[in-house]
Amino acid sequence: MNSNKVDILAFGAHPDDVECAAAGVLLKHIAMGKSVAIIDLTAGEMGSFGNVETRKNEAKIASEILGLKSREILGLPDGGIENNETARMLVIELIRKYQPDIVLCNALHDRHPDHANAAKLVADACFLSGLKKKETFFDGEFQGPWRPAFIYHYIQDYFLQPDFVIDITHQMDKKMESIKAYKSQFIDPNDHNPNSVLAFLDQIKNMNIIYGRPLNVKYAEGFNVSRYLGVADFYQLR
Ligand SMILES: [Zn+2]
């Protein structure tokens, strides 16, 4: 039995990407008893505010709010994420270490160029991780192949038409709490005008309101898929 195994593994290009776009869904599934880990592909060292150490501490606080089983930083270059062989092998090692059934990753198209690159990198690694001839080792031991059953791209800065949405109304307050843990990113100590921060947080809330509207729920998070999904019958949909 692999003690590292999680049900859901969420990748983000930068610390806070996952919280901004998918904290609600993660909180919902953790409450259902599912185990979740987050991989921050970079330490966020190119961010305009804060530094690696402060961002690491903030991510720790956010992780506790979410109730994660584990979180780690892969250490790819912030602002320079590339879908190359070296990066793919590093991501494959993590997929095999955590053996998730479901992988979440960045939006396929977004404002920060790292996001789309990270999305493609993680999606390709998920497929290649299923090939046994792609040999990787963890703690000196050979890792067997592992291919996650589902890959979902969360939607972050740019408004994208989602392929499906999930109701997060009851998770919304805690989601915002996890985002506010990233004080250096969203609360500028030199800016005494609180509106700049509030505007950003409002933008997240507004996106979630728009995604919830067709379902007649207050808040929802939206996701995209590369492979379309199937359900057993009409009545599984809402
Ligand atoms: Zn980001």
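Parameters and conventions
Residues numbered from 1 in each chain as written. Predicted model: local features only at pLDDT ≥ 70, side-chain atom pairs only at ≥ 80, totals over all residues. Heavy atoms only, no water. Pairing = 2+ DSSP bridges. Helix = DSSP H or I, 4+ residues; strand = E, 2+ residues; numbered from the N terminus. Axes fitted to C-alpha atoms, helices over the stretch in contact; angles between N-to-C directions. Contact = heavy atoms within 4.5 Å. Buried < 20%, exposed > 50% of the residue type's maximum accessible area, 1.4 Å probe, protein only. Polar contact = N/O pair within 3.5 Å; in protein donor to acceptor, adjacent residues only side chain to side chain. Parallel < 35°, antiparallel > 145°, perpendicular 65-115°, else oblique. Left-handed = near helix turned anticlockwise from the far one by under 90°. Nonpolar A, V, L, I, M, F, W, Y, C, P; charged D, E, K, R; others polar. Phe/Tyr/Trp six-rings, centres within 6.5 Å; stacked < 30°, edge-to-face > 60°. Disulfide = S-S within 2.5 Å.

Caption draft 1: The arrangement of the sheet that holds strand E4 (residues 102–105) in detail. Across the sheet, which stays open at both edges, the seven strands sit in the order E3-E2-E1-E4-E7-E9-E8 with mixed pairing between neighbours. Unpaired on one side and paired on the other, strand E3 (70–73) and strand E8 (164–167) mark the two borders of the sheet. Across the sheet, the mean angle separating the axes of adjacent strands is 25 degrees when strand polarity is ignored. Alignment of strand E2 (residues 36–40) against E3, held across four bridges, turns out to be parallel. Within the sheet, the bridge partner assigned to Ile39 lies in E3 and is Glu72. Here helix H3 (residues 85–98) sits on the sheet and contacts strand E1 (8–12), E2 and E3; the angle it forms with E1, its principal contact strand, is near 155 degrees.

Caption draft 2: Structural view of the side chain of Asn224. Of note, Asn224 is situated in strand E9 (residues 220–224). By relative accessible area, Asn224 is classed as buried at 9%. A distance of 2.9 Å separates a polar atom in the side chain of Asn224 from the backbone oxygen of Gln161. Not counting residues up to four positions away in its chain, the partners in contact with Asn224 are Leu108, Ile151, Tyr152, His153, Ile155, Leu160, Gln161, Pro162 and Asp163.

Caption draft 3: Structural view of the packing of H3 against helix H4 (residues 113–128). H4 packs onto H3 with a crossing angle of 60 degrees between their chain directions and a minimal axis gap of 9 Å. The orientation of H3 relative to H4 falls into the category oblique. Crossing handedness for the pair H3 and H4: right-handed. On H4, the residues that touch Ala87, Arg88, Val91, Ile92, Ile95 and Arg96 of H3 are Leu121, Val122, Asp124, Ala125, Cys126 and Leu128. Split by residue class, the contact of H3 with H4 holds nine nonpolar, no polar and three charged.

Caption draft 4: Examining the packing of aromatic side chains more closely. Taken as a whole and assessed by the stated rule, the structure comprises five aromatic pairs. Considering the side-chain rings of Tyr152 and Phe164, the 5.2 Å spacing of their centres and the 75 degrees angle between planes classify their relative orientation as edge-to-face. Pair noted here: Tyr152 is in strand E7 (residues 150–154) and Phe164 is in strand E8, with a separation of 12 residues, a long-range link. By relative accessible area, which is 15% here, Tyr152 ends up buried. One aromatic cluster is present, formed by Phe150, Tyr152, Phe164 and Phe223 through successive ring pairs.

Caption draft 5: Quick peek at the state of the cysteines. Overall, the coordinates contain zero disulfides when judged by the stated rule. Of all cysteine sulfurs, the one in Cys105 lies closest to Cys20, which takes part in no disulfide; the gap is 16 Å. On the accessibility criterion, Cys20 (8% relative accessible area) is buried. The closest cysteine sulfur to the non-disulfide-bonded Cys105 is located on Cys126, 6.7 Å from its own sulfur.

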